[in-house]
Structures are given as C-alpha cells and as structure tokens.
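Examining the three-dimensional arrangement
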Amino acid sequence: MLRTSILMAIAATMLVGLGCSRVRSTAPMGTAPVALVPEEWDGTWHSPGTGGFISVKVRDAARGELEVASVGSEEHDKFVLQTLAVYVRQSGDWTFFSVAARDLA
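Parameters at a glance
- Residues numbered from 1 in each chain as written.
- Predicted model: local features only at pLDDT ≥ 70, side-chain atom pairs only at ≥ 80, totals over all residues.
- Heavy atoms only, no water.
- Patch = residues over 30% accessible without salt bridge, like charges linked within 9 Å, V, L, I, M, F, W, Y side chains within 5 Å.
- Areas by Shrake-Rupley, 256 points an atom, 1.4 Å probe, with all protein chains shown as cover.
- Salt bridge = Lys/Arg side-chain N within 4 Å of Asp/Glu carboxyl O.
- Helix = DSSP H or I, 4+ residues; strand = E, 2+ residues; numbered from the N terminus.
- Core = buried A, V, L, I, M, F, W, Y, C linked by side-chain atoms within 4.5 Å.
- Buried < 20%, exposed > 50% of the residue type's maximum accessible area, 1.4 Å probe, protein only.

Further remarks concern a nonpolar patch on the surface. Side chains of Val-71, Phe-79 and Leu-81 sit close together on the surface and give an oily, nonpolar patch of about 380 Å² of accessible area. Residue position: Val-71 is located in strand β4 (residues 65–73).

This is the structure in structure tokens:
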C-alpha cells in the first residue's frame, strides 16, 4: 500500500511537474538509502489519479536509486519520453524521494 502511494506521488511529480513549489537540497534528502528489491519495484505502474502510466526500474538497489519513465505529449501532439532518476532515502520513520533539479527542468 505504501509503495503504491509512493509510486502515485512519483507519477504525479512527473505528470504535473512544475505546478507546485519545491523543496531544494544540495543532496538527496534522508540519512540512509533504502535497500530496494527489484522484483517489488520493476514494472509498469498505473497512476489512478492521472490515468497515466509510469515505468520503474531499480538502477542501484543498495543505493536506493530508481529510474522512472513516462510518455507524455507536448505541443503539436508529439510524444515525449520523460525520465527521472529518483533517490529513495530514509531518516528515522520518514521516507524521502528526491529528484535532481536538472531532471525537473
């Protein structure tokens, strides 16, 4: 359930992107990477809130790194592949998902 909520948040970030103010940090937030299990994360996920889909691939399980991709459309109805490197880290009971600012530009 938590993973589904997290993936919906990632999808919303990718699809809505620049509509909200952002918290900025010079490094991924959190004190330790979350060890990811590829069999639990890799695949194509549906985002019910947006009706879209995202593809997720564990890039580095030990470092808590995901690669997330979606296909969107821009002006003139051309498809555009959007990808994000997502860093999953924790601090105490909190889990953080960080994306480099250049990935949101």
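That was the structure; now back to the text.
For the rest of this paragraph, the subject is the nonpolar core. Core analysis: the largest hydrophobic core is formed by 11 residues, namely Val-34, Leu-36, Trp-41, Ile-54, Val-56, Val-58, Leu-66, Val-68, Leu-84, Val-86 and Val-88. Those elements giving two or more residues to this core turn out to be β3 (52–60), β4 and β5 (79–91).

One pass over the structure, following the stated rule, counts three salt bridges. A salt bridge links Glu-65 to Arg-59; the shortest N-O distance between them is 3.6 Å. Among the salt bridges present, the one from Glu-65 reaches Arg-63, with a minimum N-O distance of 3.1 Å. Its relative accessible area of 9% is what places Glu-65 among the buried residues. Sharing partners across several salt bridges, the network here consists of Arg-59, Arg-63 and Glu-65.

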